[in-house]
Amino acid sequence: MAEKTKEMMESWSFLDTVESNFRPLVVIELAKGTKEETIEWFTNRIVDKKANGGAQLLIKPLVTENGVENIYLVGASHLRLLLGAEAVGLVKECTDNSMRTFTYSSRKTFKHFADDNHNFLTMAECQYIIKHELENLRAKNEKMIPGYPQAKLYPGKSIVRRLLTSGVLVQIFPLHDREELKKLSHSWYGRVKVGYQPLDDIRCYFGETIALYFGFLEYFTFALIPMAVIGIPYYMFAWEDYDKYVMFATFNLLWSTVILEVWKRICAILTYRWGTLLMKRQFEEPRPGFHGVLGINPVTGREEPVYSSIKRQLRIYLVSLPFVCLCLYFSLYVMMIYFDLEQWALDYHKENESNFSNLMLFVPSIIYAIVIEIMNRIYRYAAEFLTSWENHRLESSYQNHLILKVLVFNFLNCFASLFYIAFVLFDMKLLRQSLATLLITSQILNQFAESLLPYWLQKRYNRKMKKRMCSKKTDADLSLAEQVNMEKEMGTYLGTFDDYLELFLQFGYVSLFSCVYPLAAVFAVLNNITEIYSDALKMCRVYKRPFAEPTANIGVWQLAFETMSVISVVTNCVLIGMSPEVDALFPDSKMDLVLTVAFVEHLLLAIKFIMAFVIPDKPRDIQMKLAKLEFESLEALKQQCQEGSGSM
């Protein structure tokens, strides 16, 4: 261990901060009018040696015809990136086809490694390393940011996060590689084809988190096809035959369990191949928005803001929880207005009996679907504000509380009317109509709001930008300046939250009331096919390139989908129990019907949980590889302990 540390320190000491072949990877934009002393201090910290608390990266200003703007390009030498890969714990494939954590001392044992091969690390990995090093630039003895006495610093505080919160630093984003992006765009969405997405290429360009989302979207779409194929004949030939719907609902319940368990296995295969299944979780730093009085972290021993957990709990239970309950009440109030509109449309149709009155029957559902989408988006902003105000220390805690708030409201807002129609009004015809209208309208609105509108706005801006810069273009450097100026004005991709939420709600529409509207899976498949292309277009053409984020799974969304599948068991069993055919089997005692439905529901839940237990989360070969790596790690640790005790 000591020899390894010594070798790494020697590598750092010989690492030069100047490289002739500068390759810009990351863009830093400072606020206009940023003071010279601040710029000088910040850039010096970026290029300074690791031993002096710097990041030891390369940086140069972006030069245009107007001179030097407050935009800087950040890169790194090949050696620096390799040492950074070890620091962040990247996992790469070895020559013996095993996956191991990369170390600079054992670099020769990794597949495709060569001292002159600058493509050993993907561009996304290089940008992730630079982001990690920039975020780990920490204050030493500085009490404030030079030139900004109000922006206080303390030892160990992240400099980049302080610059962001004080408004000195506008944004940091990774640059697109135009040639690679062109190739990826062509193979991904450039031509309509029936086949798999280039997930490995997506991962190399955008990172594992985004690649895993597209992998899940693709898998979920293929998994819906059996439901869609079976649903079409059920819809056409067995519309009112509830006996046949029992079989369809049972298949749906088993299907929802199997696809989620199989996804875990596919996810393990993908993330093992990409190396993120083996990556060790890093110690979480306080999130940028976290604030409090200075104190000592008992774990790290470092000075950092401390905020009372009692105050946070009071904010959650006395402010956030009542606000969420108030929003839920408002959602139910809007729902009752929708039913009044439905009754009005029905009365109008009875009085007139015309084609126009037939169309009017769908108007309340369409209006309600639009209102639901508007309420969901407004509530999302309120939930983000409240969760930020709760002042969570860690990003993971912030995300969990935000997801919980958003899921509860979206579930009630989207599905409360369907539950009310099914279990209070007992109107199966209205349930089918409402479900179809809500599903189709929400899909159209999401496609427009998330992809088509941003794409049109960005294309319009790009056209203006190209006209303005075309006459000024004189050399290759200005081409880079044009690229940077175009990309810095592009929208920021805020993560996969909204994309997973859309799939989660779609899964609810398909699974909760499957025995009432079998065509839901058909519309979901059609939507997801267009979603793959529109989301790909959005990632490549509409938004800035996001930083790669290593991940081993889809996180809390796996639990959300599994919870939805459990709820679907209950709803489908109750719907089948309410059918006239099943009700006729128990003419004398309704209690026997209730007990039978409850027994079947518990039986199906038991089968569901048994299947989840029986199907392994990881394939056998990956389990063996992980066990082998763990054994080798323990043996290496044992050998190091023996060598250490021997030297003493």
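Basis of the calculations
Residues numbered from 1 in each chain as written. Predicted model: local features only at pLDDT ≥ 70, side-chain atom pairs only at ≥ 80, totals over all residues. Heavy atoms only, no water. Helix = DSSP H or I, 4+ residues; strand = E, 2+ residues; numbered from the N terminus. Buried < 20%, exposed > 50% of the residue type's maximum accessible area, 1.4 Å probe, protein only. Contact = heavy atoms within 4.5 Å. Areas by Shrake-Rupley, 256 points an atom, 1.4 Å probe, with all protein chains shown as cover. 1 Å grid on protein atoms, 1.4 Å probe; cavity = no way out; pocket = protein on both sides within 12 Å on 5 of 7 lines; lining within 4 Å. Points joined across faces, edges and corners; volume = space filled by probe spheres on them. pLDDT = per-residue confidence, 0-100. Pairing = 2+ DSSP bridges.

> Would you mind going over the overall build of the protein with me for this structure?
When helices and strands are tallied, the protein shows 21 helices and 10 strands. Sorting the 648 residues of the protein into buried and exposed places 50% on the buried side. The long-range fraction of contacts in the protein, counting pairs at least 24 apart against all pairs at least 6 apart in sequence, stands at 74%. As presented, the protein carries roughly 32200 Å² of accessible surface, and 63% of it is formed by carbon and sulfur atoms.

> Explanation requested: empty space enclosed by the protein in the structure shown.
By rolling a water-sized probe across the atoms, one finds the places where empty space is left. All chains considered together, the criterion is met by two cavities of 30 Å³ or more. In this structure, the second largest cavity occupies an estimated 90 Å³ of space. Surrounding the second largest cavity, 14 residues form its lining, Leu-90, Glu-125, Arg-203, Glu-208 and Pro-550 being those nearest its centre. Here the element with the most residues in the lining of the second largest cavity is helix H4 (residues 123–135); it accounts for three residues.

> Hey, could you run me through the confidence of the model for the protein in this one?
Here the protein averages 83 in pLDDT, and 87% of its residues register 70 or above. Of all secondary-structure elements in the protein, the lowest mean pLDDT belongs to helix H1 (residues 2–14), at 47, while helix H7 (residues 199–206) reaches the highest, 94. Predicted confidence is poor over residues 1–14, with pLDDT under 50, and the contacts of this stretch with residues over four places away or in other chains come to 16 contacts. Every residue in residues 471–478 is under pLDDT 50, and counting partners more than four places away or in other chains gives five contacts.

> So what exactly am I meant to see when it comes to the pairing of strand S7 (residues 148–152) here?
Looking down a regular strand, the side chains alternate between one sheet face and the other. Here strand S6 (residues 144–145) pairs with S7 via two bridges, running antiparallel. Each residue of the ladder has a partner; that of Ile-145, found in S7, is Tyr-148. Once S6 ends, the chain turns through two residues before running back antiparallel as S7, passing Gly-147 with a positive phi of about 90°.

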